[in-house]
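Below, each chain spelled out in residue letters.
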Amino acid sequence: YEARRVPEQYRLFEPTMACSREERLLLEKDLYKALENNELFLQYQPQLKLKTKHDFSMEALVRWNHPEKGLIPPGDFIPLAEESGTIVPIGKWVLETACRQTKELQETIGQQVTVAVNLSLRQLYHENFVKVVSSILEETQLPPKSLQLEITESMTMDKNFLLPILHDLKALGVTIALDDFGKGYSSISYLKDLPIDCLKIDREFVNNMSEDEREPLVDLIISMAKHLNLNVVAEGVETMEQFNYLLNSDCDAMQGYLISKPILFETIINNCRCLNKKDLHCDLQSE
Ligand code: C2E
Ligand code: MG
Ligand code: MG
Ligand code: MG
């Protein structure tokens, strides 16, 4: 009822929502060709570890360089890919590429590197997803423990379906993270049943933090994660206030523009080539 009183000019009306059905269909068609035409690429966003110094983690994020429209962010095409089913081959390509490049990075710097890859529910519905992951690990020779798979709360709705798949994935030796935690509306009671290793606090919570006042929800999520023996990563860290706040918490790692924006693989590997491995974090941060 509140919404009705909101003046006309405040109504959310994004240009993308005005996008016609025909336009969506065209974009969907383009998306089918995007893979063949090499229009997709990955960027990687480093995470800053607060508790351990000698390992490096990053998240793989897909981008689409559309021949006419230019760079399209995943938020605009992943939903289309999920609807149309293209997410299955795209997701497989992302996994393969992320594993191959991470293996190359490990060889170059002679050090453990972990890569996190986002999953869509539709990928899991596809038969033999576990087999797809295990063949990619075998092909690329990436150690399974170097791969983290990110799921979201919305994917945990159908537990009877999801749990056996997660257990099979864990049996391969990969780890699982629950992404965007706190954004969904599901009950938190399912948390202890999920075979996850890591909780990523959604950036909306991180956004609301200030240095001089504790943010009860962030504190709660971190302490809950610790009670469940989970690693906890804060997403979307943009300011020094947020950084200092988390430094004084039990949070295990931070990810966000303050630490580094998502960057090209070439940038990561070129930096690492001329680096003492101990300086890896610092150099990526100062970029
Ligand atoms: P996500 O998995 O939560 O990834 C983090 C998103 O937050 C990324 O947006 C990243 O660029 C952005 N980000 C990182 N630090 C900051 C910050 O300090 N401030 C702000 N405002 N944003 C920050 P991006 O790359 O646009 O990706 C958006 C979402 O698209 C991802 O959210 C993920 O859910 C999805 N996505 C990306 N790549 C893939 C993929 O390969 N497969 C699937 N299924 N989904 C993907
Ligand atoms: Mg993610
Ligand atoms: Mg995600
Ligand atoms: Mg997230």
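In the annotation of an unreviewed UniProt entry, the entry for the protein reads Diguanylate cyclase (GGDEF)-like protein, and the organism field reads Ureibacillus chungkukjangi.

J.: Would you mind showing me how to read the pattern of salt bridges here?
T.: Charged atoms that come close allow side chains of opposite charge to pair. With the rule as written, the count across this model stands at nine salt bridges. Between K200 and E59 there is a salt bridge; the shortest N-O distance is 2.8 Å. Of this pair, K200 sits in strand β7 (residues 198–201) while E59 sits in strand β2 (residues 56–66), and the two are 141 residues apart along the sequence. Comparing K200 with E59, the two get one shared label, buried. E150 is the salt-bridge partner of K200, the closest N and O atoms lying 2.7 Å from each other. Residue K200 is located in strand β7, and its partner E150 is located in strand β5 (residues 147–152); the two are separated by 50 residues in the primary sequence. Of the two residues, K200 and E150, both sit in the buried class.

J.: In this structure, what is going on with the packing of helix α5 (residues 87–109) against helix α7 (residues 129–140)? I would like to understand it.
T.: Packed helices, taken two at a time, are described by their axes: the angle between them and the distance between them. The N-to-C vectors of α5 and α7 enclose an angle of 30 degrees; their axes lie 9 Å apart at closest approach. Judged by the angle between their axes, α5 and α7 are roughly parallel. With respect to the hand of their crossing, α5 and α7 are arranged in right-handed fashion. When α5 is examined against α7, the residues K92, L95, E96, C99, R100 and K103 are found in contact with a partner set consisting of F129, V132, V133, I136, L137, E139 and T140. Per-class residue counts for the contact of α5 with α7 are seven nonpolar, one polar and five charged.

J.: Any chance you could explain the site of ligand 1 here in plain terms?
T.: Around ligand 1 sit 22 residues, and of these R63, N118, D179, E238 and Y257 come closest. One nitrogen or oxygen atom from the side chain of S120 is found 2.9 Å from a nitrogen atom belonging to ligand 1. Here R203 contributes a side-chain N or O atom positioned 2.9 Å from an oxygen atom of ligand 1. Within the complex, the protein chains bury 83% of what would otherwise be the 800 Å² of accessible surface of ligand 1. At the level of secondary structure, the elements contributing two or more residues to the shell around ligand 1 comprise β2, α4 (74–84) and β6 (175–181). In terms of residues, the shell around ligand 1 owes the most to one element, β2, which gives four residues. Partitioned by chemical class, the residues of the shell around ligand 1 number nine nonpolar, five polar and eight charged.

J.: What is the right way to read the nonpolar core from this model?
T.: Across soluble globular proteins, nonpolar side chains have a tendency to be buried as a group. Of all hydrophobic cores here, the largest spans 79 residues; its most connected members are L105, L147 and L169. Among the elements that line this core, the one with the most residues is α5, at nine residues. In this structure, L105 is in contact with F56, M58, V113, F265, I268, I269 and C272, ignoring residues within four places of it in sequence.

J.: What is the right way to look at the coordination of the magnesium ion (ligand 4) in this model?
T.: Tetrahedral metal sites with four donors have an ideal angle of 109.5 degrees; octahedral sites with six donors have ideal angles of 90 or 180 degrees. Note on the magnesium ion (ligand 4): its protein donors are D179 (OD), D180 (OD), E235 (OE) and E235 (OE). The metal-donor distances range over 2.0 to 2.4 Å. One chain supplies every donor for the magnesium ion (ligand 4), spaced along it as D-D-x54-E. Taken as an interatomic distance, the gap from the magnesium ion (ligand 4) to the magnesium ion (ligand 2) is 4.0 Å; D179 donates to each of them.

J.: Can you walk me through α7 in this structure?
T.: The α-helix winds at 3.6 residues per turn, so residues separated by three or four positions along the chain end up facing the same way. In this model α7 runs 17 Å from its N-terminal to its C-terminal C-alpha over 12 residues, within 8% of the 16 Å that 1.5 Å per residue would give. Residues of α7 that are buried: F129, V130, V133, S134, I136, L137 and T140. Seen from one end, α7 has its buried residues packed into an arc of 160 degrees, which puts them on one side. Turned more than 90 degrees off the buried face of α7, the exposed positions are K131, E138 and E139. Looking at the buried side of α7, the elements it contacts are α5, α6 (121–125), β5 and α8 (159–172). Backbone geometry just downstream of α7 places Q141 in the positive-phi region, at approximately 65 degrees.

J.: Quick question: what am I supposed to make of the packing of aromatic side chains here?
T.: The description of an aromatic ring pair rests on the distance of the ring centres and on the angle between the ring planes. Considering all chains together, one arrives at three aromatic pairs under this definition. Here the aromatic rings of W64 and F77 are separated by 5.6 Å at their centres, their planes lie at 80 degrees, and the arrangement is edge-to-face. Within this pair, whereas W64 is found in strand β2, its partner F77 is found in helix α4, the two being separated by 13 residues in sequence. Exposure remark for W64: the relative accessible area of 0% places this residue in the buried category. The exposure class assigned to F77 is buried, which follows from its relative accessible area of 0%. Directly above the ring of Y245 sits R214, whose terminal nitrogen or CZ lies 4.0 Å from the centroid. Over the aromatic face of Y257 sits the side chain of K261, whose NZ or CZ is 4.6 Å from the ring centroid.

Parameters at a glance
Throughout this document, residue positions are counted from 1 along each chain, in the order its sequence is written. Chains carry letters from A onward and ligands carry numbers from 1 onward, assigned in written order. Where totals are concerned, whole chains, interfaces and linings use all residues; where local detail is concerned, this predicted model gives features only for residues with pLDDT of at least 70, and gives and counts side-chain atom pairs only at 80 or more. Working from all heavy atoms in the structure, the side-chain values ignore hydrogens and water. By definition here, a salt bridge exists when the distance from a side-chain nitrogen of Lys or Arg to a carboxyl oxygen of Asp or Glu is within 4 Å. Each helix corresponds to a stretch of at least 4 residues labelled H or I by DSSP, and each strand to a stretch of at least 2 residues labelled E; elements are numbered beginning at the N terminus. Burial classes follow relative accessibility: with a 1.4 Å probe on protein chains only, a residue under 20% of its type's maximum area counts as buried, one over 50% as exposed, and anything between as partly exposed. Think of each axis as a best-fit line through the C-alpha atoms, taken over the contacting stretch in the case of a helix, with angles from 0 to 180 degrees between the N-to-C directions. Angles below 35 degrees are treated as roughly parallel, those above 145 as roughly antiparallel, those between 65 and 115 as roughly perpendicular, and all remaining angles as oblique. Each crossing is labelled by how the near helix is turned from the far one, with a counterclockwise turn of less than a right angle marking it left-handed and a clockwise turn marking it right-handed. Contact between two residues is taken to exist if any of their heavy atoms lie within 4.5 Å; hydrogens are not considered. Gly falls in the polar group here, along with every residue not listed as nonpolar (Ala, Val, Leu, Ile, Met, Phe, Trp, Tyr, Cys, Pro) or charged (Asp, Glu, Lys, Arg). Here a residue counts as near a molecule or strand whenever at least one of its heavy atoms sits within 4 Å of it. The term polar contact refers here to a pair of N or O atoms within 3.5 Å; inside protein, the definition further demands a hydrogen-donor-capable atom paired with an acceptor-capable atom, and it admits residues adjacent in sequence only when both atoms are side-chain atoms. All accessible areas in this document rest on Shrake-Rupley with a 1.4 Å probe, and a residue is counted as covered only by the protein chains that are shown. Nonpolar cores were defined as sets of buried Ala, Val, Leu, Ile, Met, Phe, Trp, Tyr and Cys residues, with membership established by side-chain atoms within 4.5 Å. Because water is not among the atoms used, a metal site may look incomplete, as its donors are only the N, O and S atoms within 2.8 Å, or 3.2 Å for Na, K and Ca. Multiplying 1.5 Å by the residue count of a helix minus one yields the expected span of that helix. Comment: arc refers to directions from the helix axis out to C-beta atoms. Working definition: rings of Phe, Tyr and Trp (its six-membered ring) pair if their centres are within 6.5 Å, and the pair is stacked with planes under 30 degrees apart, edge-to-face with planes over 60 apart, and tilted otherwise. In this scheme, the term charge over a ring applies when either NZ of a lysine or CZ of an arginine sits within 6 Å of the ring centre and within 35 degrees of the ring normal.

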